[in-house]
Amino acid sequence: MTEIIKQILYSDLGTSFNNAAFLLFRVLLAIELFRVHGMKKFRVENGQREHVPNPLHLPEKLNSLVATFSDTVVPFLIILGIGTRLAVLPTIGVTAVGYFVVHRKDSLEVRDVPYMYTLSLLLILALGAGKYSLDYYFLNLI
């Protein structure tokens, strides 16, 4: 079990520059995700909160919970580098559904946003959080 945890948490991108560059990438991506999409979950416009599309016909509360968690909690986990590879999974799901289902008939300009988020989050999934993260710190405690 410890080996599985180590494989999930371990992420060292080689040089200090690579790790620092990826830290900057992670932080800026997560801030943008929270600022643009997460803040919408708290705002009330015209007496209503943001409508979250439900193209998979999940129970409404579950759909809303996953979308809210993906846009409000996950960005902070990405910034801190806590369980990063696992944390990005729900957000990858939300952005991929946005690209392949919700916006499938929209113009490329509209589809571009969920596409870029999905690619960026897949990169984080593949590489992990890097050396400058709480994942790396916790790994050294095990």
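Quantities reported herein were computed from a predicted structural model and do not represent experimental measurements.

Caption draft 1: Representation of the environment of Phe 42 in the model. Structurally, Phe 42 can be placed in the loop between helix H2 (16-38) and strand S1 (44-45). The class of Phe 42 is exposed, set by a relative accessible area of 54%. Among residues more than four places away in sequence, those in contact with Phe 42 are Phe 34 and Thr 72.

Caption draft 2: How the structure looks around the nonpolar core. Counting eleven residues, the largest nonpolar core consists of Phe 22, Leu 29, Ala 30, Leu 33, Val 74, Ile 78, Val 88, Ile 92, Tyr 117, Leu 121 and Ile 124. If you list the elements that add at least two residues to this core, you get H2, helix H4 (74-80), helix H5 (84-102) and helix H6 (108-127). Counting residues per element, this core draws most heavily on H2, which supplies four residues. Among residues more than four places away in sequence, those in contact with Leu 29 are Tyr 117, Ser 120, Leu 121 and Ile 124.

Caption draft 3: View of the confidence of the model for the protein. Looking at the protein, pLDDT values average 89 and 96% of them are 70 or higher. Confidence scores differ between elements of the protein, with S1 showing the lowest mean pLDDT of 62 and H4 the highest of 97.

Caption draft 4: Representation of the side chain of Thr 95 within the structure. As for its position among the elements, Thr 95 is in helix H5. Taking the relative accessible area as the measure of exposure, Thr 95 reaches 9% and is therefore buried. A polar side-chain atom of Thr 95 sits 3.2 Å from the main-chain carbonyl oxygen of Ile 92. A polar atom in the side chain of Thr 95 sits 2.8 Å from the side chain of Thr 118.

About the cut-offs
- Residues numbered from 1 in each chain as written.
- Predicted model: local features only at pLDDT ≥ 70, side-chain atom pairs only at ≥ 80, totals over all residues.
- Heavy atoms only, no water.
- Helix = DSSP H or I, 4+ residues; strand = E, 2+ residues; numbered from the N terminus.
- Buried < 20%, exposed > 50% of the residue type's maximum accessible area, 1.4 Å probe, protein only.
- Contact = heavy atoms within 4.5 Å.
- Core = buried A, V, L, I, M, F, W, Y, C linked by side-chain atoms within 4.5 Å.
- pLDDT = per-residue confidence, 0-100.
- Polar contact = N/O pair within 3.5 Å; in protein donor to acceptor, adjacent residues only side chain to side chain.

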